[in-house]
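One letter stands for each residue in the lines below.
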Amino acid sequence: MDATTTSGTPSIQYHNLPDQPIATIVGSPGPSSFSRQTRHCFGDATPGEFPLSANPSIVLHVLTGCNLDPQDLAKLEATCSFFRQPAHFAPDHELCLSELAALDMCQKRAIFKPMTLDQRHELKTRCGGSWKLVLRFLLAGETCSRREKSQAIAGPGHSIAVTSKGSVYTFGSNSSGQLGHGTTEEEWQPRIIRSLQGVRIIHAAAGAGRTMLISDCGQVYAFGKDSFGEAEYGVQGSKQVNTPQLVESLKDIFVVQAAIGNFFTAVLSREGRVYTFSWGNETKLGHQTEPTDLEPHPLLGALENIPVVQIAAGYCYLLALACQPSGMSVYSVGCGLGGKLGHGTKNDEKQPRLIEQFQALNLQPMVVAAGAWHAAVVGVDGRVCTWGWGRYGCLGHGNEDCDSVPKVVESLSNVKAIHVATGDYTTFVVSSDGDVYSFGCGESSSLGHNTAEADAQGNRHANILSPKMVTSLKQVNERVVQISLTNSIYWNAHTFALTESGKLYAFGAGDKGQLGVELVANQTERPTPERVELDLS
């Protein structure tokens, strides 16, 4: 992309600027003038001045090279008139430099690169008419779902591990072929899915007896129970698929994330649209369908024209993290038992509804998590909110009460959280320092605390009512970046901790091989983290 000023300055390239001494760029004033000259952005032909306005490509190179976030670009535009001027770069010669810098950084994102010009401008309009808002939308999606990064999924009885290069390993229960190896035999060690060779996977989701994988081309592969509906003990899903198969009904939708609830499945498109399968009778998810429906239906209502960056599925409800010009917000839809929809009631919602409490708390949501019966959010400022059914202390407020609106976990007030994960009455929080806290149901040792010694009542699986640091993970001497735990009411839970260098640690229930580590005779679980022999870096 060339830059040519109206004064006739020769065009220069702003991409891949060669390294050169600063003197060759700004000129070399003589010794007598060096201490006297003041350098300005605009210049008036005075020797020694740096004519940035004549060479905006240099500024653009600095802006994009520093990976400034959208907020920084907006501040530059607001405080300096220079950045609001047209950049004179074809074909977007009317864009100001901060907008052009944002567009340049958007073009480096994997899901943006293959978009056509019309698709890009449609996304720009959907995000609010600014490339800075598009950049915020793309970055938010990458942050909350680890898109294109290594990830581990602790599913109901089986596990998935995705390397940073997009290879997929599965292990654990395989009664429905959910491991994707062409058999129904259990696997006690991580095994690569060889039929996906040449396909780069960027996201994975696990449900009871089924697995969904998403490629960098937006294609969805599914295997295990052949159903998007009821996961356990239902009449659906009698057919089994034991190797990855493309979901034909999604071939025209570029998918970036999937979430599997107990009665339904949801996917998120590249443009931030949510689609759901099944559980549509009585319009439980905003549309009327048969429970066995295999066709995706757009989630309409309030989210129809609002881009979504993350979805999270609980047992019978769905959360959506939306990205609007005014900021981030959370919507909920589905079953309201226990107050888990966050609206101050226990009523069901057949259409997505904004959770208004975050505005009252002055909290900008950054990550959402939907447990079976409770939910959690991490704010940009590092605060953690929980709400829903508080059984076993899973809300972290020191009791087992229900909260029907989001409430800040005060005992984490000195912790800056960056990640949260929820399961069946269990919650994990990861801090910016890499420390991990857990609370809730201690069954099957999935909280990670050393419970080898029984408590006064002889219970080895004590519940934790307030956040407690998982000191056993502190001992691995690495920063934890992701936690995943089983989110099912029918399976004993297990937990994964992924470190910054790609090492994976597992603890909790392991009777089906879902930990990826061998257990000794008569052992069904591990109370403390053990390294899985798998490098996800």
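Quick caveat: nothing in here was measured; it's all calculated off a predicted structure.

Parameters at a glance
- Residues numbered from 1 in each chain as written.
- Predicted model: local features only at pLDDT ≥ 70, side-chain atom pairs only at ≥ 80, totals over all residues.
- Heavy atoms only, no water.
- 1 Å grid on protein atoms, 1.4 Å probe; cavity = no way out; pocket = protein on both sides within 12 Å on 5 of 7 lines; lining within 4 Å.
- Points joined across faces, edges and corners; volume = space filled by probe spheres on them.
- Helix = DSSP H or I, 4+ residues; strand = E, 2+ residues; numbered from the N terminus.
- Nonpolar A, V, L, I, M, F, W, Y, C, P; charged D, E, K, R; others polar.
- Contact = heavy atoms within 4.5 Å.
- Axes fitted to C-alpha atoms, helices over the stretch in contact; angles between N-to-C directions.
- Parallel < 35°, antiparallel > 145°, perpendicular 65-115°, else oblique.

Novice: Give a detailed account of the layout of surface pockets, specifying residues and quantitative values.
Specialist: To find leftover empty space, one rolls a probe the size of a water molecule over the atoms. Considering only enclosed or pocket space, the largest pocket measures out at about 900 Å³ in volume. Lining the largest pocket are 36 residues, with Leu 139, Glu 142, Thr 143, Cys 144 and Met 366 positioned closest to its centre. When residues of the lining of the largest pocket are traced back to their parent elements, those giving at least two are helix 4 (70-79), helix 7 (131-145), strand 17 (327-334), strand 19 (365-370), strand 23 (417-422) and strand 27 (480-485). Here the lining of the largest pocket is built from residues that sort into twelve nonpolar, 14 polar and ten charged.

Novice: Please give an account of the environment of Trp 131 that cites residues and values.
Specialist: Note that Trp 131 resides in helix 7. In this structure, the C-alpha to C-alpha distance between Trp 131 and Arg 120, residues eleven residues apart in sequence, is 9.6 Å. Ignoring sequence-local partners within four residues, the contact set of Trp 131 consists of Leu 95, Glu 99, Ala 102, Leu 103, Cys 106, Phe 112, Arg 120, His 121 and Lys 124.

Novice: Outline the packing of helix 6 (residues 117-127) against helix 7, supporting the account with residue identities and numerical values.
Specialist: The relative placement of two packed helices is expressed as an angle between their axes plus a distance between the axes. Contact pair helix 6 / helix 7: the axes reach a minimum separation of 8 Å and the direction vectors enclose 90°. Viewed along their axes, helix 6 and helix 7 adopt a mutual orientation that is roughly perpendicular. Residues Arg 120, His 121, Leu 123, Lys 124 and Cys 127 of helix 6 lie in contact with helix 7, whose contacting residues are Trp 131, Leu 133, Val 134 and Phe 137. Taken together, the residues of the contact of helix 6 with helix 7 sort by class into six nonpolar, one polar and two charged.

Novice: Describe empty space enclosed by the protein, listing the residues and the values that go with them.
Specialist: Tallied over the entire structure, the rule returns two cavities of 30 Å³ or more. For the largest cavity, the calculated volume is near 840 Å³. Taken together, 45 residues line the largest cavity, and the ones lying closest to its centre are Ile 153, Thr 422, Ser 484, Leu 485 and Asn 487. Mapped by element, the contributors of at least two residues to the lining of the largest cavity are helix 7, strand 3 (151-154), strand 7 (201-207), strand 11 (255-260), strand 15 (308-313), strand 19, strand 23 and strand 27. Of the voids in this model, the second largest cavity is the one considered here, and its volume is about 50 Å³.

Geometric values such as these leave the question of function open.
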